[in-house]
Amino acid sequence: MGTFSFSRAERIRSRKEFQGLKSKGAVFKTRKLVFNFAATTGPSRLGVVATKKMGNAVFRNRIKRWLREAFRLNKQAMARPMDLVIVPRVSELSFADIEQDLRFFQQWHREKNEKNAHRAH
RNA sequence: GAAGUUGCACGACCGACCGCCGGCGCGAGCCGGAGGAAAGUCCGGACUCCACAGAGCGGGAGGCUGGCUAACGGCCAGGAGAGGCGACUCUACGGAAAGUGCAACAGAAAGAUACCGCCCGGCAUGACCGGGCAAGGGUGAAAUGGCGAGGCAAGAGCUCACCGGGAGCGCGGUGACGCGCUUCGCACGGCAAACCCCCUCCGGAGCAAGAUCGAAUAGGGGCGCGUUCCGCCUUCGGGCGGAUAAGGGUUGCUCGCCCGAGACGCCCGGGUUGAUCGCUCGAGGCGGCCGGUAACGGUCGUCCCAGAGGAAUGGUCGGUCUCGACAGAAUCCGGCUUAUGUGCGACUUCCCCU
RNA sequence: GGCGCCUUGGCCAAGUGGUAAGGCAGAGGUCUGCAAAAUCUCCAUCUCCGGUUCGAAUCCGGAAGGCGCCU
């Protein structure tokens, strides 16, 4: 599995998994994105969502591509492997916004992880 | 130059790197990768299934003519009518002497009528009576061919010319229809996107159609109906075949047909929610030639051009331009409709200059 | 992806060619010392754009929005 690749094994595909993450997973929200996530033993996996309220099919496809691209380029910065579902909250959104929020989420997650590690010791 | 009509074309491009989907290859890698509307799902097909689709009734769709097409509610050519100064555009464009119905309000009257009037006669001189008329007024969306002249008591196709209309004949055209002549003074107007009549077409569902393999759970519960007869075999438990009954299927109904003595019908409950095929070479694209006014057809050459299944086209950098609209394939084709940026050609009307 | 259905005041709705019923809610008036009740009045581009008709919420095309079913 390449450093910047994004293969089939790195995707969340079934409806059950999406619903499981939404109901049982942890949540992190920014102004523009919602992150549903849970720790996993395998490689980190991504699921993307774009509702019909956001726009037409062309626009929804573009958002999903951006989300996947941001994950592909930044997945090495994950503190530990996780299943992650990203849902956009607003339709005013650029690729730069997505990447910025994803990095902010990763930083938050890393800090939280370190805190927990300290507590354990 | 302005306003407009119409026919087409394109749908930002190029390179590098990191990625995504499919095919080929042991591999490095190579090749291909959204649209003109992919959209709305409004028509028409192909394809697949429904123990075949057969008839009648009902229902739906279409409706000038000729052609094209696999087919169409599409396209091409033409006719008629309507709109526009014009280029040109638009038309659900069969039937109203087959029948039924509708027309509020107004108006005398909405298919057989006379309110105000006009004219004649009467004497009781009137807000009168009897008769004639349908030109004028008024109502209305619509009032019994139009306009002019003659005629008359006043009028009226009553008569005449022109226009419109009906019928007949002739000529031209495949035909819709057109033209000409004769004849009828013209008699029962409008609405069939009201019912209806006539002609043509239509079985139903849809790739979540459907086929194969595998996994898993249960071998359940309730209700409904029936428990017949015949033949053969038998280890005498039953098995096989046939006929029908109840019931069911034939997706509106009837007949007909088919299944059927229960792996029956309906409802409830439980499990799986995987893989492969269908799945992309096709009424296919491009170019030439031939036939045809054209739509289109024929023929030769050439090309292979997405096939996903949480669903593939993005990011970064560099460069160019006119700085980029509407918008994303999901079985596949032919149309229609709607959304939308830019460029080009032809034509029309008006204005200005030479 | 495919197949159906529905849009009438703020809400629930009737109307199916001829003036858009009715109820709830809201606003204003009358009544009252004030309120409630009662009573009167007001509140509609019939989702939008065309067509047929003298006349369309109604009939016929097209568009928009919403809802449901099929794995």
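Counting starts from 1 at the beginning of each chain's written sequence and moves along it residue by residue. Labels follow written order: the first chain is A, the first ligand is 1, and so on. Owing to the predicted nature of the model, reporting of local features is limited to residues with pLDDT of at least 70; listing and counting of side-chain atom pairs is limited to 80 or more, with chain, interface and lining totals taken over all residues. Hydrogen atoms and water are omitted, and side-chain values are computed over all heavy atoms in the structure.

Q: What exactly am I supposed to notice about the pattern of salt bridges here?
A: Here the idea is simple: oppositely charged side chains can pair when their charged atoms come close. By convention in these notes, a salt bridge is any Lys or Arg side-chain nitrogen within 4 Å of a carboxyl oxygen on Asp or Glu. What the rule picks out here adds up to 6 salt bridges. Measuring nitrogen to oxygen at the nearest pair gives 2.4 Å for the salt bridge that ties E10 to K75. A residue pair is termed long-range when its members are at least 10 positions apart, and E10 in the segment before helix 1 (15-24) and K75 in the loop between helix 2 (57-74) and strand 4 (82-88) qualify at 65 residues. For the pair E10 and K75, one class covers both residues: buried. With a shortest N-O distance of 3.0 Å, K32 and D97 are connected by a salt bridge. Taken together, the positions of K32 in the loop between strand 1 (26-29) and strand 2 (33-39) and D97 in helix 3 (residues 95-120) put the pair 65 residues apart, joining distant regions of the chain. Judged by relative accessible area, K32 falls into the partly exposed class, the value being 23%. Linked by salt bridges that have partners in common, E17, R45 and D83 make up one network. Helix numbers and strand numbers start at the N terminus; a helix is a DSSP run of H or I with at least 4 residues, a strand a run of E with at least 2. Each residue is assigned to one of three classes by its accessible area relative to the maximum for its type, calculated with a 1.4 Å probe on protein chains only: buried under 20%, partly exposed between the two thresholds, exposed over 50%.

Q: Explain the nonpolar core to me, please; I cannot follow it from the model alone.
A: Here is a general trend for soluble globular proteins: nonpolar side chains tend to be buried in one another's company. One finds F35, L84, I86 and F105 to be the most contacted residues of the largest nonpolar core, which totals 22 residues. Secondary structure elements with two or more residues in this core: strand 2, strand 3 (45-48), helix 2, strand 4 and helix 3. Here the element with the most residues in this core is helix 2; it accounts for 5 residues. Once you skip the residues sitting within four places of it in the chain, F105 turns out to touch F28, F35, F37, M82 and L84. Nine residue types can take part in a nonpolar core, namely buried Ala, Val, Leu, Ile, Met, Phe, Trp, Tyr and Cys, and a core is a set of them joined through side-chain atoms within 4.5 Å. Any two residues whose heavy atoms approach within 4.5 Å at even a single point are treated as in contact.

Taken by themselves, the reported measurements are silent on function.
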